[in-house]
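Survey of secondary and tertiary structure
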Amino acid sequence: MGAELAAVVAGARRRAVRDGDRQIDTAHLLHSLLETDPEARAACGGPQRIARLLGYLVQRSIGYGLRWQGTVEDSGAVPVLTETGTLSPLAASALEHASARAAGRGEPARGIDLLAALVADPDARAVEVLTAAGIGVPEVPSGTAGGAEAYDEGAGRDH
């Protein structure tokens, strides 16, 4: 993982700890990513859409996100770890997919690679937040080389 994504994960970890969440999930990663990456913000829409999306993400600890506390974000694809401060299975998978997506270009994963991976699973909390904010799944550019097709299949769909 390059410095760019390491900073996103660090921000997501701080947010999860502050919110009292047991694991870093895809919504934490999305929030941190939107705060640090202009390309990811642009893929999610203009300033009004981003403001609405960040509003939903901020409300996580006082609103709809309360139902997530004490639960693990899991699609059933990988074993569940329940240690505090660890990545949820879907968040860990998204980071792996972002790295694989960038490997085709021969460079470290960027924020846009992570965004593509976060929205690849319709059961991800990041997708739920995007949908709640009225954004749906953003269309994510595939980059300059192959390897992104599997993660971009659902791009542009609205839930």
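My aim in this report is to walk through the structure given alongside it, one point at a time. What you see is a predicted model, and the numbers here were worked out from it, not measured in a lab.

Conventions used here
Residues numbered from 1 in each chain as written. Predicted model: local features only at pLDDT ≥ 70, side-chain atom pairs only at ≥ 80, totals over all residues. Heavy atoms only, no water. Core = buried A, V, L, I, M, F, W, Y, C linked by side-chain atoms within 4.5 Å. Buried < 20%, exposed > 50% of the residue type's maximum accessible area, 1.4 Å probe, protein only. Helix = DSSP H or I, 4+ residues; strand = E, 2+ residues; numbered from the N terminus. Contact = heavy atoms within 4.5 Å. Lys, Arg positive; Asp, Glu negative; His and termini not counted. Salt bridge = Lys/Arg side-chain N within 4 Å of Asp/Glu carboxyl O. Polar contact = N/O pair within 3.5 Å; in protein donor to acceptor, adjacent residues only side chain to side chain.

1. With respect to the nonpolar core
Counting residues in each nonpolar core, the largest one holds 38 residues, and the members touching the most others are Leu 29, Leu 30, Leu 53, Leu 114, Leu 115 and Leu 118. Elements supplying a minimum of two residues to this core: helix H1 (3-19), helix H2 (26-36), helix H3 (38-44), helix H4 (47-58), helix H5 (89-103), helix H6 (111-118) and helix H7 (125-132). Here this core takes six residues from H5, the largest share from any one element. Once you skip the residues sitting within four places of it in the chain, Leu 29 turns out to touch Val 8, Val 9, Ala 12, Ile 24, Ala 91, Leu 95 and Leu 118.

2. Digging into the side chain of Asp 37
One can find Asp 37 in the loop between H2 and H3. There is no salt bridge for the buried Asp 37, and the closest opposite charge comes from Arg 110, which lies 6.5 Å off by N-O distance. A polar atom in the side chain of Asp 37 sits 2.8 Å from the backbone nitrogen of Glu 39. Among the polar contacts listed, one links the side chain of Asp 37 to the backbone nitrogen of Ala 40, at a separation of 2.7 Å.

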